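Structure assessment
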Amino acid sequence: MIIITMSGIKNQGRKALLLFLILLTGNIISAKAQNVAVKNNILYDASTTPNFGIELRLSNKWTAGINVGLNPWSFSDNKKLKHLLVAPQVRYWLCESFSGHYFGANIAYVHYNVSDIKFPFGLYGGVDGERRQGDLAAIGASYGYSWILSPHWSLEAEAGLDLGYTWSDRYDSHKCGTYRGSDNKFLVLPKLALNIVYIIKSR
């Protein structure tokens, strides 16, 4: 993930980030003599978070890309998992790019506003019953495999771990809840992805 140390994304910061993503996407798609993959993580979709990834073939065994997720929703009783994720990644493929086994390395930035969410397996227990608003920066590694389904379509499965540092403000979970203080800590974050991939082949 690219670490953007903005402790509360302001409007100008959001616009600058959006412009950066648009320019990056445009440059990648317009690249000639290369292959580009666009993808969607359906496990991430299941958390009510629309997401998009784009990846560029750098060589026979190296690719680089960026994944973005945005969850803008609020649910009943002020439950929310609002966040923006920006996560660049490089991959080394054991056979050839976009096919078979690969190892990945990523950095990540997340700006979040999470309230009264019970995560599976007891993860992040402090969020259950309160609201936290803050930022997370992380670095991680992963392993994955890509199955080619057709000349343009493939399916990827990926698993890994990120080491992150988060800083946030804590509030009671109800709307306009009382401020409870701040919290800063290191986290070990599991990473899982099941990506549907479409490969754009250059002429």
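Provided above is the structure to which this section pertains.
Residues numbered from 1 in each chain as written. Predicted model: local features only at pLDDT ≥ 70, side-chain atom pairs only at ≥ 80, totals over all residues. Heavy atoms only, no water.

Turning next to the overall build of the protein. Helix and strand counts for the protein come out as two helices and eight strands. Beginning at the N terminus, the succession of helices and strands in the protein can be written as α-β-α-β-β-β-β-β-β-β. In the protein, buried positions account for 43% of the 203 residues. Taking the intrachain contacts of the protein between residues at least 6 apart in sequence as the baseline, contacts between residues at least 24 apart amount to 60%. Only carbon and sulfur atoms are counted for the fraction: they give 65% of the accessible area of the protein, which is about 11,100 Å². (Helix = DSSP H or I, 4+ residues; strand = E, 2+ residues; numbered from the N terminus. Buried < 20%, exposed > 50% of the residue type's maximum accessible area, 1.4 Å probe, protein only. Contact = heavy atoms within 4.5 Å. Areas by Shrake-Rupley, 256 points an atom, 1.4 Å probe, with all protein chains shown as cover.)

This next bit is on the side chain of D183. If you trace the backbone, D183 turns up in strand 8 (residues 179–201). A polar atom in the side chain of D183 sits 2.7 Å from the side chain of R132. Not counting the four nearest positions on each side in its chain, D183 is found in contact with R132, T166, W167, S168 and R170. (Polar contact = N/O pair within 3.5 Å; in protein donor to acceptor, adjacent residues only side chain to side chain.)

If you look at the biggest cluster of nonpolar residues, it comprises 14 residues, and the most contacted ones within it are L85, V110, Y112, V114, L136 and L189. Top contributing element to this core by residue count: strand 5 (residues 100–115), with four residues. Core analysis: the second largest hydrophobic core is formed by seven residues, I54, I66, L84 and V86 among them. (Core = buried A, V, L, I, M, F, W, Y, C linked by side-chain atoms within 4.5 Å.)

Judged by pairing direction, the barrel is antiparallel, and its eight strands sit side by side in the order 1-2-3-4-5-6-7-8 before closing back on the first. Pairwise comparison of adjacent strand axes, ignoring direction, gives a mean angle of 20 degrees for this sheet. In this structure, strand 2 (residues 51–57) lies alongside strand 3 (residues 62–71), joined through seven bridges in antiparallel fashion. Among the inter-strand pairings, G53 is bridged to a residue of strand 3, identified as N67. (Pairing = 2+ DSSP bridges. Axes fitted to C-alpha atoms, helices over the stretch in contact; angles between N-to-C directions.)

The phi dihedral of T48 is positive, around 70 degrees, even though this residue is not glycine. Within the secondary structure, T48 is located in the loop between helix 2 (42–45) and strand 2. You can call T48 partly exposed: its relative accessible area is 33%.

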